[in-house]
Amino acid sequence: MMKLKVWGGAGEHGRSAYVLSSNQIHLLLDCGVKREGTGEYPLMEPELVPRLTAVFLSHAHEDHSVAIPLLYGMGYEGEVWTTQETASQVGGYFESWRAFAKQCGTALPYTDADYRSIRYRFLDKEADKLTWFEAAPGVQVMWGRSGHMAGSVWLLLRVEGKTIFYSGDYTAESMLLGDDSPGSSASYADLAIIDAAYSTDRDSQQDKLNTLEAAISSTILGGGKVLLPVPATGRGQEMLLWAYTTYRDCPIVIEQGLLDGMERLLRYPEWLRQHADCTGQEIVDQLEPFLHRNDLLVPENEGQRSYWLRTLNASIWFTTDGMMQSQLARWYYDQLRDDSRNLVLLTGHAAKGTFAEQLLQEPSKYGDCDVQKRRYKVHQGYEDVRRMISTIPARHNVLVHAAKEETDQLRQQLLQDVAAQSTQIQIHSLSASEELWF
């Protein structure tokens, strides 16, 4: 028998951390934080941390990575298995979290020395994707691209006769990033931990894009400006390329950080889709001309931003920080809030207490402009989860990355659909601190 212990991430959005334990082996999948209040950390067991056999990191986002130094502060002396690209990104997320803690007036629960103690081992140096290798005695591992961001992976593990699948954050519908179907590598699993962040949402990516286009086009036709605050990597680059392709005659202002992320993708083409669409044109062949166009509006300073805000009428503005906590995102909002023709369009998760969440709750409290949430798909919804359960039949399926109420609703629908087809499939909606034996 093995045990799954949830240190965070199930029944909530954030602080993903899942412990797999047998008599001799203890593995940790991710170790992130939750951006609520002054920040929340995984519910670690201090006596277990020094005994961890290995830690695996699926990708760099803060809700999967930023609590890792805490492990070393609590006595972990092992390594963190991840990809080279993820390891190169995590520093930026640690700095962002440090700034968040300072803004909240709270101290980090770990030291700089703990952060410097992190030792990485690279999945993509040890073995090619979709190839088994031994990460530790008695621990066989396979990885594949998860399509969520450059460097992000899913994992298959074999431990003491058990097979475990961990999706990480997963999407098969990215316009830029490639994904490797885990179904081609596993015919059965004892346990599957599945990204279900969009719970019962059944929309496809094209459905989401149609909704986004309707909201943006309406604002532009009315002479307004659209502010799109997005993450500096991942969703930001995808939406940027989509908007530039869709609105060729509309001025689009882009912060340099988003272009830096696009250039980074070009340097690591192994994370990109091979082909973009039915034309067969390679993604690289689309990105390079985009980055070298002379009609990109990239402000160099606040004066230039202010000038374009005064002189451009209907236009689209991309800035970094999807939760609008940064000084720059707040500055943009202050410039646009007094005109009811303008639109702030939020396309991802807005954590409780962030400015993005406050705007969604009470937009009129802060200004006259419109505020809408229109999701761009970077996680799995109902149809994706159902397909994953069918593709990798697992005895136990644990749904994660969404609030408990939403996860419960998804579980009930799946029980009527997927589980009804096989009495061998069990679907679980857990919460932080809960356990599951398998």
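Residues numbered from 1 in each chain as written. Predicted model: local features only at pLDDT ≥ 70, side-chain atom pairs only at ≥ 80, totals over all residues. Heavy atoms only, no water.

Let us now look at the sheet that holds strand 7 (residues 133–136). Read from one edge of the open sheet, seven strands run 7-8-9-10-11-17-18, paired in mixed fashion. A strand with exactly one partner marks an edge of an open sheet, and here the two such strands are strand 7 and strand 18 (426–429). On average, each strand axis in the sheet is inclined to that of its neighbour by 25 degrees, with strand direction left out of account. Helix 14 (residues 382–391) rests against strand 10 (162–166), strand 11 (189–195), strand 17 (394–400) and strand 18 of the sheet, and its axis sits at about 165 degrees to strand 11. (Pairing = 2+ DSSP bridges. Helix = DSSP H or I, 4+ residues; strand = E, 2+ residues; numbered from the N terminus. Axes fitted to C-alpha atoms, helices over the stretch in contact; angles between N-to-C directions. Contact = heavy atoms within 4.5 Å.)

Its identity as a non-glycine residue notwithstanding, Leu130 has a phi of 60 degrees, on the positive side. A relative accessible area of 34% places Leu130 in the partly exposed class. Of note in the backbone geometry, Glu160 takes a positive phi value of approximately 50 degrees without being a glycine. Along the chain, the position of Glu160 falls in the loop between strand 9 (153–159) and strand 10. (Buried < 20%, exposed > 50% of the residue type's maximum accessible area, 1.4 Å probe, protein only.)

Before going further, it helps to examine the packing of aromatic side chains. For the structure on display, the rule yields 13 aromatic pairs. Seen from their ring centres, Trp242 and Tyr247 are 6.2 Å apart, and the 85 degrees between their planes marks the pair as edge-to-face. Grouping residues by exposure puts Trp242 and Tyr247 together as buried. Put simply, the rings of Tyr41, Trp97 and Phe100 pair up and form one aromatic cluster. The ring of Phe100 has Arg35 lying over it, and the distance from NZ or CZ to the ring centre is 4.6 Å. Seen from the ring of Trp132, Arg158 lies directly overhead, with NZ or CZ sitting 3.7 Å from the centre. (Phe/Tyr/Trp six-rings, centres within 6.5 Å; stacked < 30°, edge-to-face > 60°. Lys NZ or Arg CZ within 6 Å of the ring centre and 35° of its normal.)

The next point concerns the sheet that holds strand 6 (residues 120–122). Strand order in this open sheet of seven strands is 6-5-4-3-2-1-19, and the pairing throughout is mixed. Whereas interior strands pair on both sides, the edge strands pair on one side only; in this sheet they are strand 6 and strand 19 (435–437). Averaged over neighbouring strand pairs, the angle between their axes works out to 25 degrees when direction is ignored. Where strand 5 (residues 80–82) and strand 6 come together, three bridges link them in parallel fashion. Bridge assignment links Thr82 to a residue of strand 6, and that residue is Phe122.

Moving on, we get to empty space enclosed by the protein. With the rule as written, the count across this model stands at three cavities of 30 Å³ or more. Along the walls of the largest cavity sit 13 residues, with Ala150, Thr233, Gly234, Gln237 and Leu265 positioned nearest its centre. For the lining of the largest cavity, the secondary structure elements donating two or more residues are helix 3 (84–104), helix 7 (235–246) and helix 8 (256–267). Among the elements that take part in the lining of the largest cavity, helix 8 stands out by supplying three residues, more than any other. Across the lining of the largest cavity, the residue classes tally to five nonpolar, five polar and three charged. A volume near 40 Å³ is recorded for the second largest cavity. Phe94, Glu95, Arg98, Leu108, Tyr110 and Tyr115 together form the lining of the second largest cavity. If one sorts the elements of the lining of the second largest cavity by residue count, helix 3 sits on top with three residues. Grouping the constituent residues of the lining of the second largest cavity by class yields four nonpolar, no polar and two charged. (1 Å grid on protein atoms, 1.4 Å probe; cavity = no way out; pocket = protein on both sides within 12 Å on 5 of 7 lines; lining within 4 Å. Points joined across faces, edges and corners; volume = space filled by probe spheres on them. Nonpolar A, V, L, I, M, F, W, Y, C, P; charged D, E, K, R; others polar.)

Let us now look at the pairing of strand 7. Note that strand 7 and strand 8 (residues 139–145) share three bridges and pair antiparallel. Within strand 8, the position partnered with Phe133 by the bridge is Val141. Where strand 7 hands over to strand 8, the hairpin turn is made up of two residues, of which Gly138 adopts a positive phi near 85 degrees.

Time to look at the environment of Ala356. Mapped onto the secondary structure, Ala356 falls in helix 12 (residues 355–361). Overall, Ala356 belongs to the buried group, its relative accessible area being 1%. Distance in space between the C-alpha atoms of Ala356 and Gly144 is 33 Å, their sequence separation being 212 residues. If we skip the residues at most four places from it in the chain, Ala356 touches Gly322, Met323, Met324, Leu346 and Ala350.

Contact geometry for helix 7 and helix 9 (residues 283–291): axes closest at 12 Å, N-to-C directions at 75 degrees. In terms of orientation, helix 7 lies roughly perpendicular with respect to helix 9. Facing Leu240, Leu241 and Tyr244 of helix 7, the residues of helix 9 in contact are Gln286, Leu287 and Phe290. (Parallel < 35°, antiparallel > 145°, perpendicular 65-115°, else oblique.)

As a further point, take the side chain of Glu12. Its location among the elements puts Glu12 in the loop between strand 1 (3–8) and strand 2 (17–21). On the accessibility criterion, Glu12 (9% relative accessible area) is buried. In this structure the side chain of Glu12 is engaged in a polar contact, spanning 2.6 Å, whose partner is the side chain of Lys34. If sequence neighbours within four positions are ignored, Glu12 has contacts with Lys34, His401, Ala402, Ala403, Lys404 and Ala432. (Polar contact = N/O pair within 3.5 Å; in protein donor to acceptor, adjacent residues only side chain to side chain.)

This brings us to the environment of Asp190. Position of Asp190 relative to the elements: it lies in strand 11. For Asp190, a relative accessible area of 15% gives the class buried. Between the alpha carbons of Asp190 and Met324 there is a distance of 40 Å; along the sequence they are 134 residues apart. With near-sequence residues (within four places) excluded, Asp190 lies in contact with Gly161, Lys162, Thr163, Arg395, His396 and Phe438. Within the local environment of Asp190, its side chain forms a polar contact with the backbone nitrogen of Thr163, the two atoms lying 2.8 Å apart.

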